Amino acid sequence: IKYENNIVLDRALTTTSEYSSLLNPVFPIRSTWDPINPNVLTVNSFDGTIEEKRVTKRSVESFSPEESGITSDRPYPLAVGYSEFSRIALTTTQGIQSAVPKVFAVRLLARLKGIPDSSGVINEIKGVERLYIYVQDSNNIFDTIDNKP
């Protein structure tokens, strides 16, 4: 979406699309995100689960103009990479467990690349993401599940 003369990733749309493809389109979810407060994303699931993702650190990978596809005809990059560290809080609207959220951390590494058509217009974006999930053990130390991403 265009926001303050910049193109930003619509996190609500991409999250809804990702969850629907992973879970099942029959079970709807609703994502809430606002570019004014880009570090908070809320997902309401069909089963009453509420997930709040709060980005605590974000960085953008720099590419050279050659690597990113910047030319005099195209002054914007075709490729971008970024990394985010986030805190996830899961709660439910059902039962007594709704009072205590489950908290864990994630790190997302992503690369996106715009694919121009024959006229140079980008109509497709391809990407790859790697997600590390950190869970809290009995000593309150966060570690990846099975020490694997």
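Relevant structure appears above.
This write-up is about the structure you can find in this document. As the structure is a computational prediction, the values presented were derived from the model and not from experiment. (Residues numbered from 1 in each chain as written. Predicted model: local features only at pLDDT ≥ 70, side-chain atom pairs only at ≥ 80, totals over all residues. Heavy atoms only, no water.)

**Points about the overall build of the protein**
Then, number 1: A tally of regular secondary structure across the protein gives 2 helices and 9 strands.
Then, number 2: Scored against the burial criterion, the 149 residues of the protein give a buried share of 23%.
Then, number 3: Of the contacts made within the protein by residues no fewer than 6 positions apart, 43% connect residues no fewer than 24 positions apart.
Then, number 4: Of the roughly 10,400 Å² that the protein leaves accessible, carbon and sulfur atoms contribute 55%. (Helix = DSSP H or I, 4+ residues; strand = E, 2+ residues; numbered from the N terminus. Buried < 20%, exposed > 50% of the residue type's maximum accessible area, 1.4 Å probe, protein only. Contact = heavy atoms within 4.5 Å. Areas by Shrake-Rupley, 256 points an atom, 1.4 Å probe, with all protein chains shown as cover.)

**Concerning the side chain of Lys-53**
Then, number 1: Structurally, Lys-53 is set in strand β5 (residues 49-61).
Then, number 2: Although Lys-53 lies buried, it forms no salt bridge, and the closest oppositely charged side chain, Glu-84, sits 4.0 Å away as judged by the N-O distance. (Lys, Arg positive; Asp, Glu negative; His and termini not counted. Salt bridge = Lys/Arg side-chain N within 4 Å of Asp/Glu carboxyl O.)

**Focus: a nonpolar patch on the surface**
Then, number 1: Nonpolar side chains collect at one region of the surface, where Leu-131, Ile-133 and Val-135 lie side by side and expose about 210 Å² of accessible area between them.
Then, number 2: Relative to the helices and strands, Leu-131 resides in strand β8 (residues 122-136). (Patch = residues over 30% accessible without salt bridge, like charges linked within 9 Å, V, L, I, M, F, W, Y side chains within 5 Å.)

**Remarks on the pattern of salt bridges**
Then, number 1: Scanning all chains against the criterion turns up 5 salt bridges.
Then, number 2: In this structure, Arg-58 engages Glu-84 in a salt bridge whose closest nitrogen and oxygen atoms are separated by 2.9 Å. Here Arg-58, found in strand β5, pairs with Glu-84, found in strand β6 (residues 79-92); they are 26 residues apart in sequence, far enough to count as distant.
Then, number 3: The salt bridge involving Arg-111 is made with Glu-61; its shortest N-O contact spans 2.4 Å. Here Arg-111, found in strand β7 (residues 102-116), pairs with Glu-61, found in strand β5; they are 50 residues apart in sequence, far enough to count as distant.
Then, number 4: In this structure Arg-111 comes out as partly exposed when scored by relative accessible area, which is 43%.
Then, number 5: With a relative accessible area of 33%, Glu-61 lands in the partly exposed category.
Then, number 6: Salt bridges sharing common partners tie together Arg-11, Arg-58 and Glu-84.

**What about the pairing of β6?**
Then, number 1: In this sheet, β6 lies alongside β5 in antiparallel orientation, the contact comprising 12 bridges. Residue Lys-53 lies in a different strand from β6, and its bridge partner there is Ile-88.
Then, number 2: Here β6 runs beside β7; their pairing, made up of 12 bridges, is antiparallel. Bridged to Phe-85 within β7 is Arg-107. (Pairing = 2+ DSSP bridges.)

**Considering the environment of Ile-133**
Then, number 1: By secondary structure assignment, the location of Ile-133 is in strand β8.
Then, number 2: Note on Ile-133: relative accessible area 31%, which makes it partly exposed.
Then, number 3: For the pair Ile-133 and Arg-107, spaced 26 residues apart in the sequence, the C-alpha separation amounts to 6.7 Å.

**A few points about the nonpolar core**
Then, number 1: Judged by nonpolar contacts, Ala-12, Ile-29, Trp-33, Leu-41 and Val-43 together constitute the single largest core of 5 residues.
Then, number 2: Filtering out sequence-adjacent residues up to four positions away, Leu-41 remains in contact with Arg-11, Ala-12, Thr-15, Ser-31, Thr-32, Trp-33, Glu-51, Glu-52 and Lys-53. (Core = buried A, V, L, I, M, F, W, Y, C linked by side-chain atoms within 4.5 Å.)

**Some remarks on the environment of Thr-92**
Then, number 1: Within the fold, Thr-92 resides in strand β6.
Then, number 2: What makes Thr-92 partly exposed here is its relative accessible area of 22%.
Then, number 3: Each C-alpha atom of the pair Thr-92 and Glu-51 lies 8.6 Å from the other, and the pair is 41 residues apart in sequence.

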